[in-house]
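Residue-level structural notes
Letter by letter, the chains look like this.
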Protein chains: 4
Amino acid sequence: MAGGIRVTVWNEGEHEKLNAEIAKLYPKGLGGQIAQYLERQAGIASVHVSELSDEGQGLTDEILARTDVMTWWGHRAHGDVTDENVERVCARVRDGMGLIVLHSGHYAKVFRRLMGTSCQLKWREIGEKERLWVVDPGHPIADGLPEYFELPHVEMYGEHFAVPQPDQLVFVSWFEGGEVFRSGCCWHRERGKVFYFRPGHETLPIYHDEHVLKVIGNAVRWAAPCGVEAVTRGNVEPLEDIGPAA
Amino acid sequence: MAGGIRVTVWNEGEHEKLNAEIAKLYPKGLGGQIAQYLERQAGIASVHVSELSDEGQGLTDEILARTDVMTWWGHRAHGDVTDENVERVCARVRDGMGLIVLHSGHYAKVFRRLMGTSCQLKWREIGEKERLWVVDPGHPIADGLPEYFELPHVEMYGEHFAVPQPDQLVFVSWFEGGEVFRSGCCWHRERGKVFYFRPGHETLPIYHDEHVLKVIGNAVRWAAPCGVEAVTRGNVEPLEDIGPAA
Amino acid sequence: MAGGIRVTVWNEGEHEKLNAEIAKLYPKGLGGQIAQYLERQAGIASVHVSELSDEGQGLTDEILARTDVMTWWGHRAHGDVTDENVERVCARVRDGMGLIVLHSGHYAKVFRRLMGTSCQLKWREIGEKERLWVVDPGHPIADGLPEYFELPHVEMYGEHFAVPQPDQLVFVSWFEGGEVFRSGCCWHRERGKVFYFRPGHETLPIYHDEHVLKVIGNAVRWAAPCGVEAVTRGNVEPLEDIGPAA
Amino acid sequence: MAGGIRVTVWNEGEHEKLNAEIAKLYPKGLGGQIAQYLERQAGIASVHVSELSDEGQGLTDEILARTDVMTWWGHRAHGDVTDENVERVCARVRDGMGLIVLHSGHYAKVFRRLMGTSCQLKWREIGEKERLWVVDPGHPIADGLPEYFELPHVEMYGEHFAVPQPDQLVFVSWFEGGEVFRSGCCWHRERGKVFYFRPGHETLPIYHDEHVLKVIGNAVRWAAPCGVEAVTRGNVEPLEDIGPAA
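Cut-offs used in this document
Residues numbered from 1 in each chain as written. Chains lettered and ligands numbered in written order. Predicted model: local features only at pLDDT ≥ 70, side-chain atom pairs only at ≥ 80, totals over all residues. Least-squares fit on C-alpha atoms with pLDDT ≥ 70 in both. Contact = placed C-beta atoms within 7 Å. Helix = DSSP H or I, 4+ residues; strand = E, 2+ residues; numbered from the N terminus. Nonpolar A, V, L, I, M, F, W, Y, C, P; charged D, E, K, R; others polar. Expected span 1.5 Å × (residues − 1). Buried ≥ 20, exposed ≤ 12 C-beta atoms within 10 Å, placed from the backbone. Pairing = 2+ DSSP bridges. Axes fitted to C-alpha atoms, helices over the stretch in contact; angles between N-to-C directions.

With that out of the way, let us pick up the relation of the copies chain C and chain D. Least-squares fitting of chain C to chain D yields an RMSD of 0.0 Å, with the transformation described by 0.0 Å of translation along the axis and a rotation of 180 degrees. Taken together, the rotation and translation describe the operation of a two-fold axis. Taking the C-alpha atom as reference, chain C places Trp174 of chain C closest to the rotation axis, 3.3 Å from it. With an isologous cut-off of 70% or more, the 100% of interface residues of chain C that recur at the interface of chain D puts this contact in the isologous class.

Dropping the structure here:
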């Protein structure tokens with residue numbers, strides 16, 4: 001396990017408590033679901049779940065110090081993350097920690113601070129189809145993916161996405177209703193790599209989709225700091241049923 | 001007129017001669033149609049049309065020397081442009097001439113040589129709808145455009161578009177059939193600016209669309225070399241009926 | 001004059017009051033010196049000087065609303081600019097206002113917020129020689145410049161400069177003492193363009209140098225929002241003695 | 001050894017035969033020297049040396065098929081590499097092969113074709129000092145390097161270096177005589193990664209320098225295609241005396 005990537009899955013953890021449907025979809029929370037994939041299927045050596053309600057909002061110095069890559073899911077409680085914690089996370093990114101920002105995390109304070117822009121976008125919630133096209137097939141985050149993959153029912157996010165032009169653009173989404181979106185975007189902030197990945201909505205089984213999970217796993221490896229070997233557990237399980245949803 | 005941008009509209013000019021429907025759509029040729037817009041509506045001071053069948057393939061030293069920006073439309077006769085002329089055009093680009101590559105010009109030798117890649121893509125010709133989204137609303141090529149515009153019937157171009165990642169990405173297309181495409185892409189090659197713009201097909205009235213034409217006019221201004229003032233003719237005509245097609 | 005670029009030269013204005021030598025070098029303040037160049041030699045139609053000690057720190061809504069491009073010089077009082085004003089300036093940039101950040105402004109709150117990084121660098125103040133090389137000769141900010149220009153005595157800034165990789169890199173500096181620096185860097189933040197330009201120190205006559213001033217003038221034109229024509233005053237004066245320093 | 005990176009060190013191999021001093025410096029050829037480092041110190045599993053005088057110019061389909069990353073050193077015989085072989089190498093790069101272009105290789109046909117520009121630069125051969133600064137300390141090619149390293153006697157290369165702006169800029173050189181140079185530049189060409197690294201001259205012991213060699217080793221790892229694990233030999237030797245030069 002020595003040398004492996006240490007991941008902290010940061011999860012707001014509010015929706016799961018407030019809505020029984022969401023709790024049913026993600027019985028261990030959205031964070032627990034992602035963590036389970038990273039541990040069992042992606043073979044990441046060390047995965048920790050932090051939640052907003054944890055001590056220090058799950059963002060203590062101790063946690064940050066032992067995190068090589070953090071994934072971030074938040075939505076309704078962006079404003080509750082303290083400015084001090086936001087600055088602490090951003091400082092760790094600048095120092096080399098990778099950051100994978102998921103879905104509604106586009107409006108998290110940490111992401112907006114790292115981008116320097118408003119990070120606004122359009123959205124529509126009618127459960128339409130999304131098709132994610134790989135526009136950079138040689139990028140490690142697209143490794144092992146087909147030329148596109150589909151999600152049958154999603155919340156739509158549309159352009160204009162108010163971010164700095166990504167350093168690399170990996171995915172562009174097509175939506176049934178007529179929109180497009182830059183769904184997989186890479187940036188560098190000093191020593192740290194940042195990846196934004198669009199899919200994911202609390203009321204839909206997005207984090208049960210094998211392609212979505214594969215992208216998150218690839219992104220974790222891509223975002224790991226230099227010198228952190230992608231050493232993984234030997235016994236990686238096949239991707240199969242990983243939760244109660246289809 | 002002194003100081004204005006001097007444009008050469010390079011047009012292969014084969015389809016118009018071989019197909020009566022195309023000739024009807026573009027009685028002055030595709031090149032003539034674009035040139036007419038640049039002169040009358042965009043107010044470009046000096047516009048010249050060159051065709052493959054012209055002396056020196058319309059790419060003589062004299063013509064190149066007096067060209068600030070060249071637009072390029074070719075399709076069936078890419079292979080007929082001599083390697084010597086390809087190198088001459090590329091050298092002028094490196095020296096500062098802007099180049100606007102249109103539609104099937106993605107596979108022109110000049111474009112492939114400047115990109116260093118294969119420039120391949122997918123296509124489908126069933127006359128489906130395209131919606132072009134502006135993903136960089138502050139870019140001068142998007143100046144004056146709405147957040148998206150539509151073309152009711154087009155030939156589809158799909159990813160993966162095998163080009164180097166654009167220096168700036170201005171448009172992303174949505175297609176009715178499920179594809180996306182990076183439709184407006186900027187690159188720099190030494191002193192010269194290169195813009196690829198997807199719309200345009202010989203059998204469809206694409207170059208009668210006001211938004212498509214506006215983009216070409218904006219791109220000409222963007223691609224002009226430093227020091228060439230965008231001085232234009234005083235009496236710019238309103239955009240109205242500019243040809244026989246709808 | 002209608003349609004010309006409206007510039008606000010924001011100047012901290014502290015050093016000039018505290019040090020007689022600096023006051024002698026810049027009797028109208030560093031801001032006054034830059035403004036004078038922009039008005040008289042660069043032919044900018046409308047130039048306003050704002051200082052930290054002005055009402056609203058010279059950053060009122062009214063001032064921002066009538067500013068197309070802002071230049072920013074600050075040093076000792078970065079911390080005094082209120083967070084509210086910082087956010088107001090950043091919002092205007094995202095909305096299209098160009099921002100030219102000069103020298104020690106690398107550590108201004110507005111710049112750090114737009115970059116999302118620490119913006120730290122090395123420095124040394126022994127009055128050594130700097131040579132600025134143009135590495136993108138086709139860029140409009142380098143228009144009219146020789147392949148390099150020199151400043152005989154400067155404060156050195158050295159790498160690593162902790163900014164996101166610039167969208168375009170225009171100048172790289174060579175220093176007598178053995179350092180290099182990315183001295184002219186362009187970024188885009190939504191609709192706004194940001195240019196960082198290294199030269200400038202309060203105790204040296206940097207803003208009397210004709211090449212430095214020419215770069216600032218070029219940058220103002222480059223950073224102007226789309227649709228703001230670079231209309232300038234008719235009677236532009238030749239660059240000659242523009243202050244008390246050599 | 002299965003899964004390790006397979007490297008072909010392509011070496012022109014002319015200077016070594018024509019000049020006894022060079023032969024003394026590089027008794028196994030410049031290629032042999034680089035290969036020895038990659039095998040013994042960098043722990044690359046499979047290293048093959050190809051020379052211009054080999055069958056098929058050392059660029060046969062068989063060799064290319066088994067190459068994950070190619071390093072390229074050429075100088076006096078650029079023109080002798082056949083256009084067919086140039087196209088074959090470029091096609092392999094587009095298909096995913098990494099390419100590390102060294103020193104005078106900036107003017108190799110393969111590099112110029114992949115860049116789409118002239119790739120010209122300035123040079124001076126007086127044995128002056130070079131200091132290479134890391135301007136992207138988080139980049140894997142800079143992994144394990146100090147903030148700068150020096151070469152006491154080099155051939156100088158100066159700007160303007162006529163290449164497309166690099167996708168990532170890793171090193172900037174300072175030269176004793178007053179020049180700067182973008183010495184470590186990354187580009188992507190479809191699935192293939194390209195790295196240009198400036199140091200290296202046939203009459204100087206540049207490829208005996210531990211930092212130069214470390215960069216080449218890092219670059220080989222960075223340029224390897226996705227899915228090629230950086231598996232290396234177990235018994236990596238310490239970097240010590242690796243040739244007759246100091």
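Right, let's get into the interface of chain A and chain B. The partner chain B presents 18 residues to the 18 residues of chain A that form the contact. At the level of elements, strand S5 (122-134), strand S7 (168-175) and strand S8 (180-189) of chain A are the ones that each hand at least two residues to the side of chain A that touches chain B. Of all the elements, S7 of chain A adds the most residues to the side of chain A that touches chain B, at four residues. Looking at the side of chain A that touches chain B residue by residue, the classes come out as eight nonpolar, four polar and six charged.

An α-helical turn contains 3.6 residues, so a residue and the one three or four places further along point in the same direction. All names here are of chain A. With 14 residues, helix H7 (residues 210-223) should cover 20 Å at 1.5 Å per step; its first-to-last C-alpha distance of 20 Å lies within 8% of that length. Among the 14 residues in H7, eleven count as buried, and that is most of the element. Val212, Leu213, Lys214, Val215, Ile216, Gly217, Asn218, Ala219, Val220, Trp222 and Ala223 are the residues of H7 that are buried. Those residues of H7 hidden inside the fold are in contact with strand S1 (6-11), helix H3 (29-40), strand S3 (69-73), strand S4 (98-102), S8 and strand S9 (192-197).

Okay, the pairing of strand S9 (residues 192-197) of chain C next. All names here are of chain C. Burial runs high along S9: six of the six residues are buried. Where burial is concerned, the two faces of S9 agree: the one with Gly192, Val194 and Tyr196 and the one with Lys193, Phe195 and Phe197 are both buried. In terms of strand pairing, strand S4 (residues 98-102) meets S9 through four bridges, oriented parallel. By the bridge assignment for S9, Leu99 is matched with Val194. Bridge count between strand S8 (residues 180-189) and S9: six bridges; the pairing is antiparallel. For Cys185, the partnering residue across the bridge sits in S9 and is Tyr196. The antiparallel hairpin formed by S8 and S9 contains two residues in its connecting segment, where Glu190 sits at a positive phi of about 55 degrees.

Residues and elements named next belong to chain C. Read across the sheet, nine strands follow the order S2-S1-S3-S4-S9-S8-S7-S5-S6 without closing on themselves; strand pairing throughout is mixed. A single partner strand is all that each edge strand has here, and the edge strands are strand S2 (46-51) and strand S6 (148-158). Between one strand axis and the next, the sheet turns by 25 degrees as a mean value, whatever way the strands run. Contacts from helix H7 (residues 210-223) reach strand S1 (6-11), strand S3 (69-73), S4, S6, S8 and S9, with the element oriented near 170 degrees to S9.

All names here are of chain A. Tracing the backbone through its elements, the reader meets Glu62 in helix H4 (residues 61-65). Residue Glu62 is classed as exposed on the basis of its 9 C-beta neighbours within 10 Å. When the C-alpha positions of Glu62 and Tyr148 are compared, they lie 39 Å apart, and in sequence the two are 86 residues distant.

Residue and element names in this part refer to chain B. Within the open sheet, the nine strands sit side by side as S2-S1-S3-S4-S9-S8-S7-S5-S6. Their pairing is mixed. Two strands lie at the open edges of the sheet, namely strand S2 (46-51) and strand S6 (148-158), each paired on one side alone. Averaged over all pairs of adjacent strands, the angle between strand axes in this sheet comes to 25 degrees, irrespective of strand direction. Strands in contact with helix H5 (residues 83-94) are strand S4 (98-102), strand S8 (180-189) and strand S9 (192-197); relative to S9, the strand with the most contacts, it is inclined by about 115 degrees.

Residue and element names in this part refer to chain C. Here strand S7 (residues 168-175) lies mainly inside the structure; seven of its eight residues are buried. Relative to S7, strand S5 (residues 122-134) runs antiparallel, the two being bridged by five bridges. Each residue of the ladder has a partner; that of Trp133, found in S7, is Val172. Bridging between S7 and S8 involves six bridges; their strand directions are antiparallel. Counted as the bridge partner of Val172 is Arg182 from S8.

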